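Overview (structure and organization)
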Amino acid sequence: MTLQKAMEMGVATPVKLPIAKIVDEAKDIKTFFFTHLLKSEPGQFIMVILPKLGMRPMSISSDNGAEFGTTICGVGPLSNAMMEKKPGDIIGIRGPLGKPFSGRGNHVVLVGGGYGSGPMAFWAERAIARGMDSKKIHYIVGARTKELLLFEERMRRAKVNLHIATNDGSHGYKGFNIDLLRQVIEEAKHSGNPLDMIYTCGPELMEKAVFDVAVETGTDCEISMERYMKCGIGICGSCAVDPDGLLICVDGPCVNKETAAKITEFGAYHRDASGQKVYYKKG
Amino acid sequence: MADLSTSICGMKLRSPLILASGITDTTGASLLRAIRNGAGAAIIKSVSVEPREGHKGHVVQEFDDLSMINAMGLPNQGIKHAIDELIEAQKRTDAPLIANIYAGTVEDFGLLAREISKAKPAMIEVNISCPNVHDEFGTPFSALPEAAAKVTKEVKKNTSIPISIKLSPNTIAISQVAKAVEKAGADCITCINTLAGMLIDIDTAVPILSNLSGGISGKALKPVAVKAVYDCHEVVKIPIIGTGGVLTGRDAIEHIMAGAGAVGVGTALFYRGQEAFSLINAEMKEEMKRLGYKSIKEMIGLAHH
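Residues numbered from 1 in each chain as written. Chains lettered and ligands numbered in written order. Predicted model: local features only at pLDDT ≥ 70, side-chain atom pairs only at ≥ 80, totals over all residues. Heavy atoms only, no water.

Our focus in this paragraph is the interface of chain B and chain A. Opposite the 46 residues of chain B that make contact, chain A presents 37 residues. Around 3,200 Å² of area is buried between chain B and chain A when both sides are counted, 58% of it from carbon and sulfur atoms. The interface formed by chain B and chain A contains five salt bridges. The partner of Asp244(A) in a salt bridge is Arg92(B), and the shortest N-O contact between them spans 4.0 Å. Run the count over chain B and chain A and you get 13 residue pairs in polar contact (both at pLDDT 80 or more). Per-class residue counts for the side of chain B that touches chain A are 14 nonpolar, 17 polar and 15 charged. (Contact = heavy atoms within 4.5 Å. Buried area = accessible area lost by both parts, 1.4 Å probe. Salt bridge = Lys/Arg side-chain N within 4 Å of Asp/Glu carboxyl O. Polar contact = N/O pair within 3.5 Å; in protein donor to acceptor, adjacent residues only side chain to side chain. Nonpolar A, V, L, I, M, F, W, Y, C, P; charged D, E, K, R; others polar.)

Core analysis: the largest hydrophobic core is formed by 123 residues, its most contacted members being Leu181(A), Val126(B), Leu167(B) and Ile189(B). Considering every element that reaches this core, the biggest residue donor is helix H5 (residues 177–190) of chain A, with six residues. Not counting chain neighbours up to four residues away, the residues in contact with Val126(B) comprise Ile101(B), Phe109(B), Val151(B), Val155(B), Ile163(B), Ser164(B), Ile165(B) and Lys166(B). Counting 27 residues, the second-largest nonpolar core is a separate cluster that includes Ala26(A), Tyr139(A), Phe151(A) and Tyr199(A). (Core = buried A, V, L, I, M, F, W, Y, C linked by side-chain atoms within 4.5 Å. Buried < 20%, exposed > 50% of the residue type's maximum accessible area, 1.4 Å probe, protein only. Helix = DSSP H or I, 4+ residues; strand = E, 2+ residues; numbered from the N terminus.)

All names here are of chain B. For helix H10 (residues 276–291), spanning 16 residues, the distance from its first C-alpha to its last is 22 Å, which sits close to the expected 22 Å at 1.5 Å a residue. Here H10 has its buried residues at Ala-276, Phe-277, Ile-280, Asn-281, Met-284, Glu-287 and Met-288. Along the axis of H10, the buried positions cluster into a sector of 130 degrees, meaning they face one direction only. Of the exposed residues in H10, those oriented more than 90 degrees away from the buried face are Glu-286, Lys-289 and Arg-290. Residues of H10 that are buried sit in contact with strand S3 (17–19), helix H1 (28–36), helix H8 (249–258), strand S16 (262–265) and helix H9 (268–272). (Expected span 1.5 Å × (residues − 1). Arc of directions from axis to C-beta.)

Before going further, it helps to examine empty space enclosed by the protein. Residues and elements named next belong to chain B. According to the stated counting rule, one finds four cavities of 30 Å³ or more in the structure shown. Surrounding the largest cavity, 35 residues form its lining, Ser-21, Ile-23, Asn-70, Asn-193 and Thr-194 being those nearest its centre. Of all the elements in the fold, those that place two or more residues in the lining of the largest cavity are strand S6 (67–70), strand S14 (213–218) and S16. Residue classes in the lining of the largest cavity are distributed as 15 nonpolar, 18 polar and two charged. (1 Å grid on protein atoms, 1.4 Å probe; cavity = no way out; pocket = protein on both sides within 12 Å on 5 of 7 lines; lining within 4 Å. Points joined across faces, edges and corners; volume = space filled by probe spheres on them.)

Further remarks concern the domain arrangement of chain A. Residue and element names in this part refer to chain A. Taken domain by domain, chain A consists of domain 1 (14–97), domain 2 (101–224) and domain 3 (225–283). The C-alpha-based centres of domain 1 and domain 2 are spaced at 24 Å. On the side of domain 2, 15 residues touch domain 1, which itself brings 15 residues to the contact. Of the roughly 1,300 Å² buried between domain 1 and domain 2, counting both surfaces, carbon and sulfur atoms make up 61%. On inspection of domain 1 and its partner domain 2, the count reaches two salt bridges. Close ionic contact of Glu-41 with Arg-130 constitutes a salt bridge, the shortest N to O distance being 2.9 Å. On the surface where domain 1 and domain 2 come into contact, there are five residue pairs in polar contact (both at pLDDT 80 or more). Listing elements by their share of the side of domain 1 that touches domain 2, those giving two or more residues are strand S2 (21–26), strand S3 (29–35), strand S5 (54–63) and strand S6 (67–73). Looking at the side of domain 1 that touches domain 2, the element that brings in the most residues is S5, giving five residues. (Domains from an automatic or database assignment.)

Take the environment of Pro96(A) next. Residues and elements named next belong to chain A. Note that Pro-96 resides in strand S7 (residues 90–97). Sequence separation between Pro-96 and Leu-38 is 58 residues, and the spatial gap between their C-alpha atoms is 6.6 Å. Those residues in contact with Pro-96 that lie beyond four places of it in its chain are Leu-38, Lys-39, Ser-40, Gln-44, Phe-45, Ile-46 and Ile-60.

Glancing now at the side chain of Ser40(A). Among the secondary structure elements, Ser40(A) is positioned in the loop between S3 and strand S4 (45–50). At a separation of 2.7 Å, a polar atom in the side chain of Ser40(A) contacts the side chain of Asp63(A).

Another aspect to go through is the sheet that holds S5(A). Residue and element names in this part refer to chain A. Spatially, seven strands are ordered S1-S7-S4-S5-S6-S3-S2 in an open sheet, and the strand pairing comes out antiparallel. This sheet does not close on itself; its edge strands, each paired only once, are strand S1 (15–18) and S2. Mean inter-strand twist for the sheet, computed between neighbouring axes without regard to direction, equals 40 degrees. When S3 meets S6, the two strands line up antiparallel, connected through seven bridges. Across the sheet, residue Thr-31 finds its bridge partner in S6, namely Thr-71. (Pairing = 2+ DSSP bridges. Axes fitted to C-alpha atoms, helices over the stretch in contact; angles between N-to-C directions.)

Here the largest pocket is characterised by a volume of approximately 1,300 Å³. Surrounding the largest pocket, 45 residues form its lining, Arg56(A), Pro57(A), Val75(A), Tyr115(A) and Glu226(A) being those nearest its centre. The biggest single contributor to the lining of the largest pocket is S5(A), with six residues. Tallied by class, residues from the lining of the largest pocket come to 21 nonpolar, 15 polar and nine charged. Counted as a void, the second largest pocket has a volume near 800 Å³. As for the second largest pocket, its lining consists of 34 residues, and the residues nearest its centre are Met9(A), Leu97(A), Ile233(A), Val250(A) and Phe270(B). Elements supplying a minimum of two residues to the lining of the second largest pocket: helix H1 (3–9) and S7 of chain A together with H9 of chain B. Counting residues per element, the lining of the second largest pocket draws most heavily on S7(A), which supplies five residues. Classifying every residue of the lining of the second largest pocket by side-chain character gives 18 nonpolar, ten polar and six charged. Split by domain, the lining of the second largest pocket shows at least three residues from each of two domains, domain 1 (14–97) and domain 3 (225–283) of chain A.

Here you go:
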């Protein structure tokens, strides 16, 4: 980019926003809403900043122009501190950051796992707001058990095709969402209106399974990848992936099928805060 | 036709631009990406004996026009894994890859130099000047000539690979430190590390970085860096890697005219993207054509009259 353009873009300092509303989604999973014009696209993320506790990337689970939401699971010091927050508490927010999903596809399936369902639901709502027929959107959501399913009601209201899987069979299909994905692709193919895009966001091994199905069935796909991030703006290199050094914070988090195929560590390992490789446990 | 190829400390460079240590370069893949994008060489992020997670929280903030402040706190994989990263990366490129070591004690600098030499880097940059780990390690070695010389001697004792001592602007007289490390056996100096600074959010009356202070880079650092290169070039004969605020081809030539034989690039990757190297290379060629220079070497130190 030219320096002139860089100067025109200016600098983005974090904003400090009061929490407008908190919604309990499931055990240790809450959505925090902020009244703010974020101007985000589905798949982008924000950095949530809490003094002394740090700065962590969080996905954006909704943004209607007037208000945006981020769905957070209490798993570490910062996210657990977020679980204690009340409406009115001030939170530092930096973003939106990163590359969003493209929005391509005329008949799409969204596969969400855990709190990765947030960006998927956001994608559906944004596409419908832009004129996409909700019947052309399939939303597959899976969880271990009924209590952990996210955004079922929200997606029911959006009138998309809803497919639910729980590992224990407490709600919907008993099994994994990847089984449902195969079924949805198969049925669409037989009905003469095949799916032309899969979007996915969730645990990496689930995403890898989705990617493998996309390759196997010749369906296009886009994946929201998660990597340890420190700066979120493409400087520190914490989220660089092998072998080409793509930075997930700026070249991602959303990557297309061709890019995902080239990331050799996808589904194999990620790196911790010090940069050491951590291999995924399969099975 | 202006030729950007040059050499420094026995390293052949197709461009004088070098990926500065600490920018995107935790892994070998990032070093290779810089080379693919037009860098002549690339320096890995500082490696310590043990893995480090670095500072938590708000660690980098861009500010004003084209400047930046950071306090990463030296996150890295530790020496054991860094050796593998460098070996694997070097298999995939002919361009020189440069190690960078950081330690809290003179002895550990020696240990790191010995260990990292196993990866056969083209050069070892010695980071004695990180401004962001005072709490942990006290005043950096770069603050005083004697301390800097001590580290230099210890590193030289432990490796036969050329070393470049990375100096700091956070000292009373950088040229005195430069002279001391040259006398102690340094093959090269890198001028300079970031300048200690602070940003305060006036709404909350709290410093913006979680480390409170950080190191300034980008445009705000450039005149400081150019003077440091100039002052050091006056007093040492060893080559200088000029680093600090290089965002354009003009900036790179300014460093070279001050006395730099090669030029580090870091913050430009944020403001101009990963393609910063190819953009700056093209701008250097353009400026050299305009000014009538054909090679990098003929411009080194031209500002000294």
